[in-house]
Amino acid sequence: MKENKLIDLSMDFSVNTIKLCENIKGHYSLVNQLERSATSIGANIREANYAHSKSDFAAKLQISLKECYETEYWIELFVKADLLDKELAKPLFNQCGTIRRILIASINTAKKNNK
């Protein structure tokens, strides 16, 4: 049940990130990094649903979590470098934080159930 919510949240987050990145001028390599890390979150969550084992499932979620932290870094960098307005970044940063918290809880549950 939670994984479906996570899939939906991560898809919405990816779409919102892509749309936001369309408004950022220049710095294409940095924009690419943000888009890649943001969309990788959902891709790995989706892949986790077809994991070969419980440990593979947890590992895929762990990769998503790493991508989540990376995405938060890029959003923060864009704001500090004045490439992105803080108010425009806020909803994206909040979405990423929500996904991160759900991933942490899901990973902890998966690890507990794997013992």
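Residues numbered from 1 in each chain as written. Predicted model: local features only at pLDDT ≥ 70, side-chain atom pairs only at ≥ 80, totals over all residues. Heavy atoms only, no water.

Chemist: Even after reading the chapter, I still don't get the overall build of the chain, so can you show me in this structure?
Modeler: In terms of regular secondary structure, the chain is built from 4 helices and 0 strands. Going from N to C terminus, the chain has its helices and strands arranged as α-α-α-α. Against the globule reference of 13 Å for 115 residues, the chain gives a C-alpha radius of gyration of 15 Å, in line with a compact fold. In terms of principal-axis extent, the alpha carbons of the chain reach across some 45 × 20 × 20 Å. (Helix = DSSP H or I, 4+ residues; strand = E, 2+ residues; numbered from the N terminus. Rg over C-alpha atoms; globule rule 2.2 N^0.38 Å.)

Chemist: Please explain unusual backbone geometry as it appears in this structure.
Modeler: Keep in mind that most residues, glycine aside, have a negative phi and that most peptide bonds are trans. Its identity is not glycine, yet His27 carries a phi of approximately 50°, on the positive side. By secondary structure assignment, the location of His27 is in the loop between helix 1 (2-21) and helix 2 (28-48). Located in the positive-phi region is Asp82, a residue other than glycine, with phi close to 60°. Tracing the backbone through its elements, the reader meets Asp82 in the loop between helix 3 (54-80) and helix 4 (86-114). Owing to a relative accessible area of 68%, Asp82 belongs among the exposed residues under this scheme. (Buried < 20%, exposed > 50% of the residue type's maximum accessible area, 1.4 Å probe, protein only.)

Chemist: Even after reading the chapter, I still don't get the packing of helix 2 against helix 3, so can you show me in this structure?
Modeler: Two numbers describe a pair of packed helices, the interaxial angle and the distance between the axes. One can describe the packing of helix 2 onto helix 3 by two numbers: an axis separation of 8 Å at closest approach and a directional angle of 155°. One way to sum up the angle between helix 2 and helix 3 is to call them roughly antiparallel. The two elements helix 2 and helix 3 cross, and the hand of that crossing is left-handed. Residues Leu30, Val31, Gln33, Leu34, Ser37, Ala38, Ser40, Ile41, Asn44, Ile45, Glu47 and Ala48 of helix 2 form the contact with helix 3, whose own contacting residues are Phe57, Lys60, Leu61, Ile63, Ser64, Glu67, Cys68, Glu70, Thr71, Trp74, Ile75 and Phe78. Residues belonging to the contact of helix 2 with helix 3 are distributed by class as follows: 14 nonpolar, 6 polar and 4 charged. (Axes fitted to C-alpha atoms, helices over the stretch in contact; angles between N-to-C directions. Parallel < 35°, antiparallel > 145°, perpendicular 65-115°, else oblique. Left-handed = near helix turned anticlockwise from the far one by under 90°. Contact = heavy atoms within 4.5 Å. Nonpolar A, V, L, I, M, F, W, Y, C, P; charged D, E, K, R; others polar.)

Chemist: Sorry, what's going on with the nonpolar core here?
Modeler: In globular proteins that are soluble, nonpolar side chains generally tend to be buried together. Core analysis: the biggest nonpolar cluster contains 30 residues, and Phe13, Ile41, Ile45, Leu61, Leu84, Ile99 and Leu103 have the highest contact counts within it. For this core, the elements supplying multiple residues, two or more each, are helix 1, helix 2, helix 3 and helix 4. At 9 residues, the largest contribution of residues to this core is made by helix 3. Those residues in contact with Ile41, other than ones at most four positions away along the chain, are Ser10, Phe13, Ser64, Glu67, Cys68, Thr71, Ile99 and Leu103. (Core = buried A, V, L, I, M, F, W, Y, C linked by side-chain atoms within 4.5 Å.)

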